[in-house]
Amino acid sequence: MAIAKRITFGLIARIARRIALSSLVVGSLALSSCSEILPVAEQLGIKTPTKSAPAKGSIKPSPEDAIAIMESICGEGGVTIQGDKALCNSCPSGIDDGVQGGELELKSVVYGSFTEANVKEAFVDLEGCQPHAYLFGGSALLRDTGNGWSLVRYDKGLRSDNCYELQKANKRHILACRVEAFFQGISSDNVFSVEINSDKSETKEIFYAGNNEIYIGACVPPYYDIKVEEFVSRDVNNDGQNDLTLKIREAISNVDNCKPDLSSPNSHELNFVLDKNSLTPTPETATILEKMKGQLGRS
């Protein structure tokens, strides 16, 4: 648990630090150990299709599964259903982080085989029982024991409400996730992978977007406003495997004055193709990213 906490907090700390320094890092663009994306039912059951079906990604579980999932986290009898919400009546031990009397809400779940091939597992996005510094929540790894769900561990601050499951060559899944955060008056948009193991989760950055408009008064270029407008899993190169596409909008100004014009952004499609076990930017995408880094004064 201590290792997982350090890894997750490291991701959050990087986000906050980059915002505070008014910087954008296009970052490490290779997502390691990714292969064909397949629906979970097929992965845990039956025949592998020639062509990948769309990844299901983060979904709302059925009411029955929502109750079973939350009881494995909150304890039997500790779950309340309010409309379409499944809640723990109080913050469970090990998840509360010192918060007293709060509620824990199930936001979404991604099903897959994360720690071992052909094992039915779920990565559950939970909101509540955490402060703003940990994005107001975290994610729990659950495993189906044959007699219901069992809690393996909890990663505070690691949100997974907008993710796709991607299957590696060893038949285990990793996640490609997008998290939008807000710190110190500035929004950020982060796309990253998550390698989920029984004892820890490891994150790798794919793309980081944000803006430094709040710092324009400091008159320190470059000024930028970069947003991820679409985050989709699709087959980019028609090889039967699902890849990753980001559609972004960017406005960057190096004008050395205090009134930069960011009103005419450029739009780009960034494609990352599954190459063996990793997501690699296409040549066109790599060129766009290199140009952006140059405009931002990044090496």
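Quick note: structure is the one above.
Reading the values: rules and limits
- Per chain, residue numbering runs from 1 following the sequence as it is written.
- Two thresholds apply to this predicted model, a pLDDT of at least 70 for residue-level local features and 80 or more for giving and counting side-chain atom pairs, whereas whole-chain, interface and lining totals are computed over all residues.
- With hydrogens and water set aside, each side-chain value is computed from the structure's full complement of heavy atoms.
- Pairing between two strands requires that DSSP report at least two bridges joining them.
- Put simply, DSSP marks the helices as runs of H or I at least four residues long and the strands as runs of E at least two long, and each gets a number from the N terminus on.
- The convention used is that axes are lines fitted to C-alpha atoms, helices contributing only their stretch in contact, and that angles between N-to-C directions extend from 0 to 180 degrees.
- Here, two residues are considered to be in contact whenever any of their heavy atoms come within 4.5 Å of each other.
- Here, nonpolar core means buried Ala, Val, Leu, Ile, Met, Phe, Trp, Tyr and Cys residues that are tied together by side-chain atoms lying within 4.5 Å of each other.
- The cut-offs for exposure are 20% and 50% of the maximum accessible area for each residue type, with area from a 1.4 Å probe on protein chains only; residues under the lower value are buried, those over the upper are exposed, and the others partly exposed.
- Each Phe, Tyr or Trp ring, with Trp reduced to its six-membered ring, pairs with another whose centre is within 6.5 Å; inter-plane angles below 30 degrees give stacked pairs, above 60 give edge-to-face pairs, and intermediate values give tilted ones.
- Geometrically, a lysine NZ or arginine CZ counts as sitting over a ring once it is within 6 Å of the ring centre and also within 35 degrees of the ring normal.
- The definition of a polar contact used here is a pair of N or O atoms within 3.5 Å, where within protein one atom must be able to donate a hydrogen and the other to accept one, and adjacent residues in sequence count solely through side-chain atom pairs.
- Cysteine sulfur atoms that come within 2.5 Å of each other are treated as a disulfide pair.
- By definition, a salt bridge exists where a carboxyl oxygen of Asp or Glu is found within 4 Å of a side-chain nitrogen of Lys or Arg.

## Concerning the sheet that holds strand S6 (residues 149–156)
Turning to step 1, where the next piece is worked out: In spatial order, the strands read S1-S2-S3-S4-S5-S6; together these 6 strands make up an open sheet with antiparallel pairing. A strand with exactly one partner marks an edge of an open sheet, and here the two such strands are strand S1 (79–82) and S6. Between one strand axis and the next, the sheet turns by 35 degrees as a mean value, whatever way the strands run.
Turning to step 2, where the next piece is worked out: As paired strands, S1 and strand S2 (residues 85–88) are joined by 4 bridges and run antiparallel to one another. Its bridge partner lying in S2, Gln 82 is registered against Lys 85.
Turning to step 3, where the next piece is worked out: Contacts between helix H3 (residues 63–74) and the sheet are confined to S1, S2, strand S3 (104–112), strand S4 (121–127), strand S5 (137–144) and S6, with S3 contributing the most and set at about 110 degrees to the helix.

## As for the nonpolar core
Turning to step 1, where the next piece is worked out: Ranked by internal contacts, the top residues of the largest apolar core, which has 23 residues, are Phe 207, Ile 226, Leu 246 and Phe 272.
Turning to step 2, where the next piece is worked out: Listing elements by their share of this core, those giving two or more residues are strand S7 (163–167), strand S8 (173–183), strand S10 (201–210), strand S11 (223–234), strand S12 (243–253), strand S13 (266–275) and helix H4 (283–295).
Turning to step 3, where the next piece is worked out: Ile 95, Ala 122, Ala 140 and Tyr 154 belong to the second-largest nonpolar core, a separate cluster that totals 21 residues.

## Considerations on the packing of aromatic side chains
Here the distance between the centres and the angle between the planes together describe a pair of aromatic rings.
Turning to step 1, where the next piece is worked out: Applying the stated rule across the entire model yields 3 aromatic pairs.
Turning to step 2, where the next piece is worked out: Residue placement shows Lys 156 over the ring face of Tyr 134; its charged tip is 4.3 Å from the ring centre.

## A short note on the side chain of Ser 72
Turning to step 1, where the next piece is worked out: Counting through the fold element by element, Ser 72 comes out in helix H3.
Turning to step 2, where the next piece is worked out: Within the structure, the side chain of Ser 72 is placed 2.5 Å from the backbone oxygen of Ile 69, a separation counted as a polar contact.
Turning to step 3, where the next piece is worked out: Setting aside its immediate chain neighbours within four residues, Ser 72 contacts Leu 142, Trp 149, Ser 150 and Leu 151.

## Some points on the sheet that holds strand S14 (residues 278–281)
Turning to step 1, where the next piece is worked out: Judged by pairing direction, the sheet is antiparallel, and its 4 strands sit side by side in the order S11-S12-S13-S14 without closing on themselves. Each edge of the sheet is formed by a strand with only one pairing partner; in this case those strands are S11 and S14. The mean inter-strand angle of the sheet, taken between neighbouring strand axes irrespective of direction, is 30 degrees.
Turning to step 2, where the next piece is worked out: Note that S12 and S13 share 7 bridges and pair antiparallel. Among the inter-strand pairings, Ile 248 is bridged to a residue of S13, identified as His 268.
Turning to step 3, where the next piece is worked out: In the packing of H4 onto the sheet, contacts are made with S11, S12, S13 and S14, and the angle to S13 comes to roughly 130 degrees.

## With respect to the state of the cysteines
Turning to step 1, where the next piece is worked out: A complete count under the given rule lists 3 disulfides for this structure.
Turning to step 2, where the next piece is worked out: Paired through a disulfide, Cys 74 and Cys 88 show a sulfur-sulfur distance of 1.5 Å. The sign of the -55 degrees torsion about the S-S bond sets the Cys 74-Cys 88 disulfide as left-handed. Note that Cys 74 is positioned in helix H3 and Cys 88 in strand S2, a separation of 14 residues in sequence.
Turning to step 3, where the next piece is worked out: Since its relative accessible area comes to 21%, Cys 74 is described here as partly exposed.
Turning to step 4, where the next piece is worked out: Overall, Cys 88 belongs to the buried group, its relative accessible area being 1%.
Turning to step 5, where the next piece is worked out: What pairs with Cys 163 in a disulfide is Cys 177, and their sulfur atoms sit 2.0 Å apart. Residues Cys 163 and Cys 177 share a disulfide whose torsion about the S-S bond is about 110 degrees; that sign makes it right-handed. Taken together, the positions of Cys 163 in strand S7 and Cys 177 in strand S8 put the pair 14 residues apart, joining distant regions of the chain. Cys 177 carries the same exposure label as Cys 163, and that label is buried.

## Some points on the pattern of salt bridges
Pairing between side chains becomes possible if they bear opposite charge and their charged atoms approach one another.
Turning to step 1, where the next piece is worked out: Per the stated rule, a full pass over the model turns up 16 salt bridges.
Turning to step 2, where the next piece is worked out: Measuring nitrogen to oxygen at the nearest pair gives 3.7 Å for the salt bridge that ties Glu 105 to Lys 107.
Turning to step 3, where the next piece is worked out: Here Lys 107 falls in the partly exposed class, since its relative accessible area comes to 24%.
Turning to step 4, where the next piece is worked out: Of the charged contacts in the structure, one is a salt bridge between Arg 143 and Glu 121, with a shortest N-O distance of 2.9 Å. A residue pair is termed long-range when its members are at least 10 positions apart, and Arg 143 in strand S5 and Glu 121 in strand S4 qualify at 22 residues.
Turning to step 5, where the next piece is worked out: Judged by its relative accessible area of 0%, Glu 121 falls in the buried class.
Turning to step 6, where the next piece is worked out: One salt-bridge network, in which partners are shared between bridges, spans Asp 125, Glu 127 and Arg 159.

## As for the side chain of Lys 293
Turning to step 1, where the next piece is worked out: Position of Lys 293 relative to the elements: it lies in helix H4.
Turning to step 2, where the next piece is worked out: Polar contacts involving the side chain of Lys 293 include one to the side chain of Glu 290, which spans 3.0 Å.

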